[in-house]
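Take a look at the letters that make up each chain.
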Amino acid sequence: MYILPRLCSRHLRQVLQKSCSRNLSTSSKNVPHVCIVGSGPAGFYTAQQILKGHPAAKVDILEKLPVPFGLVRFGVAPDHPEVKNVIHTFTNTARNERCTFLGNVEVGKDVSIEELQGAYTAVVLAYGADDDRTLAIKGEKNPNVISARSFVGWFNGLPQDRDLNVDLDTENVVILGHGNVALDVARILLTPISVLKKTDISQHALDALSRSRVRKVYLVGRRGPLQVAFTIKELREMIKLPDCRPVIHNNDVKDLNKVIEDLPRPRKRLTDLLYRTSMEPSDTDSQLWAQASKEWELRFRLTPAEVIETEGKVTGVKFYINELQGEDLVNKIAKATSETEDIQCGLVFRSIGYKSIPIDPFLPFDERKGIILNKKGRVENRPGLYCSGWVSTGPVGVILNTMTWGFETGKVILKDIEDGAISSEGKQGNQIIKDKMLSNGKQLVTFSEWDKIDLEEIKRGAEVGKPREKITQISEMLKVARS
Ligand code: FAD
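In what follows, the accompanying structure is described.

To continue, consider the packing of aromatic side chains. Under the criterion given, the structure shown has 12 aromatic pairs. With 5.1 Å between their ring centres and 80° between their planes, Tyr45 and Phe90 make a pair best called edge-to-face. A residue pair is termed long-range when its members are at least 10 positions apart, and Tyr45 in helix H2 (residues 41-53) and Phe90 in helix H4 (residues 86-95) qualify at 45 residues. Using a relative accessible area of 5% as the deciding quantity, one classes Tyr45 as buried. Given a relative accessible area of 0%, Phe90 falls into the buried group. A ring pair is formed by Tyr45 and Phe407, whose centres lie 5.5 Å apart and whose planes are at 85°; its orientation type is edge-to-face. Placement of Tyr45 in helix H2 and of Phe407 in helix H15 (residues 399-418) is noted, with a sequence separation of 362 residues between them. Taken as a pair, Tyr45 and Phe407 share a single burial class, namely buried. Through successive ring pairs, a cluster of aromatic residues spans Phe44, Tyr45, Phe69, Phe90, Phe101, Phe407, Phe447 and Trp450.

Our next topic: the pattern of salt bridges. This model, assessed by the stated rule, comprises 39 salt bridges. For the salt bridge of Asp252 with Arg301, the shortest nitrogen-to-oxygen distance reads 3.3 Å. Placement of the pair is Asp252 in helix H11 (residues 250-253) and Arg301 in the loop between strand E10 (294-299) and strand E11 (302-310), with a sequence separation of 49 residues. Judged by its relative accessible area of 26%, Arg301 is partly exposed.

Moving on: the site of the ligand. Residues in contact with the ligand amount to 32 residues; listed here are only the nearest, Ala42, Glu63, Val107, Trp390 and Thr402. In the model, a nitrogen atom of the ligand is placed 3.1 Å from a nitrogen or oxygen of the Lys64 main chain. Within the complex, 93% of the 1,000 Å² of free accessible area of the ligand lies under protein. Every element with two or more residues in the shell around the ligand is listed here: H2, helix H3 (70-74), helix H7 (180-190) and H15. Its residues assigned to classes, the shell around the ligand shows 17 nonpolar, 10 polar and five charged.

One non-glycine residue, Ala136, adopts positive backbone phi at about 55°. Topologically, Ala136 is positioned in the loop between strand E5 (131-132) and strand E6 (145-147). For Ala136, a relative accessible area of 72% gives the class exposed. Unlike most non-glycine residues, Lys376 shows phi in positive territory, near 55°. Here Lys376 lies in the loop between strand E18 (374-375) and strand E19 (378-379).

The rules behind the values
- Residues numbered from 1 in each chain as written.
- Predicted model: local features only at pLDDT ≥ 70, side-chain atom pairs only at ≥ 80, totals over all residues.
- Heavy atoms only, no water.
- Phe/Tyr/Trp six-rings, centres within 6.5 Å; stacked < 30°, edge-to-face > 60°.
- Helix = DSSP H or I, 4+ residues; strand = E, 2+ residues; numbered from the N terminus.
- Buried < 20%, exposed > 50% of the residue type's maximum accessible area, 1.4 Å probe, protein only.
- Salt bridge = Lys/Arg side-chain N within 4 Å of Asp/Glu carboxyl O.
- Near = heavy atom within 4 Å.
- Polar contact = N/O pair within 3.5 Å; in protein donor to acceptor, adjacent residues only side chain to side chain.
- Areas by Shrake-Rupley, 256 points an atom, 1.4 Å probe, with all protein chains shown as cover.
- Nonpolar A, V, L, I, M, F, W, Y, C, P; charged D, E, K, R; others polar.

Right under this line is the structure:
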């Protein structure tokens, strides 16, 4: 009965390892084959977990673009190269002999989720949050009201945004939103060109930014300084921007010192920085800021009511002035009053969040939250179908959070394989994708073909002193992949 206590620890380990690999090992005809849709952090971290946790499982990663890495390539700001180091880990995963990258395959168009389910042991949807939230206010459709998502895609060389018309022939810009993406947009607008040109920012954006007349950026949020969603690292960068002055009004922050001690840790440090920047700037900073030619200003408690247009051109934004309600300091709710305020500007960026869309009508989807309905990564009422990353949680958190969710989804799948809840019997794997792409006359891009694109981009970058010059046209990516 009590055998285990009598085993020495080495023996016990061997027994456990044996029993574990017995559950997870499989005869070659029954090898689990997992299909992951999307090659951003969620896709790669889920793949990593499955490959690590199962001795034989195979993983295919499908990506709608010919190039991998999702928002690490097309979202993370060009002046944050250190964040992109995760690409090395993803590359190691892609080079695992049990992993296959298949680029230029758009699931929902080139192949359906149901077809994939018929061919794979498990299908993981990790296709991110490709759409953006809108305000539904008058004037929002003006071409000079641009979504931060498109602007970020534009300066990061995302093919669908390369031709975005960004009119920087204006001095004042309003950014709606107080998150890190809003700060990324402000930073790119205000950073000296001499700094940007050493990054992998796309050349078309660099050219347009070098002609920019933008001098002042308003960052406007609905709530107060205790509710901002940006983080301290990004705020510090903004405060230290060369030739640029932060404007944080004393009136907005003067009472914060009374509550700082009661705040949870990350919020405490962030609030302290806001307070000190406004109320106690150092002499050195004050002198530098007095000479700066550009500035950014934080504005609080304002809800956009209307984009003001004069003869078709954006000339400002009208805001309702808000009151903050609720007991919880950090979670107060904004309630618009009837009072309004106008801010003059020629360009508006909407940075109020990303959202996912259902890529297949049969997906159980929460339209309001913009996520696939799931329990711990298992899609509701669809055995064998899983989701991971922003499509499962909404667009919250950073790559580190996405990594945790990716690992969790990977573990859930391993458990379902181990428990026999999903079967690999009769599954043909990626042959269906190859057949469908061939019959549609569409080119597949493998990881070694991505290597060619990668090398070409690095070569083009070296010619102009940048780490890389991204190829921004799909047809050109495909041509380089074929070469
Ligand atoms: P994504 O990265 O969006 O990956 C989804 C992938 O699925 C994409 O490659 C997409 O092309 C593909 N796809 C979409 N539809 C289909 C389809 N139908 N078929 C096949 N493939 C499809 N985090 C940090 O830690 N540091 C930062 O500096 C940072 N900066 C950010 C800047 C911006 C502008 C944004 C928006 C986010 C930033 N983040 C940052 C957060 C980070 O990018 C996310 O946590 C992470 O990318 C989410 O991963 P994901 O895999 O869920 O989605």
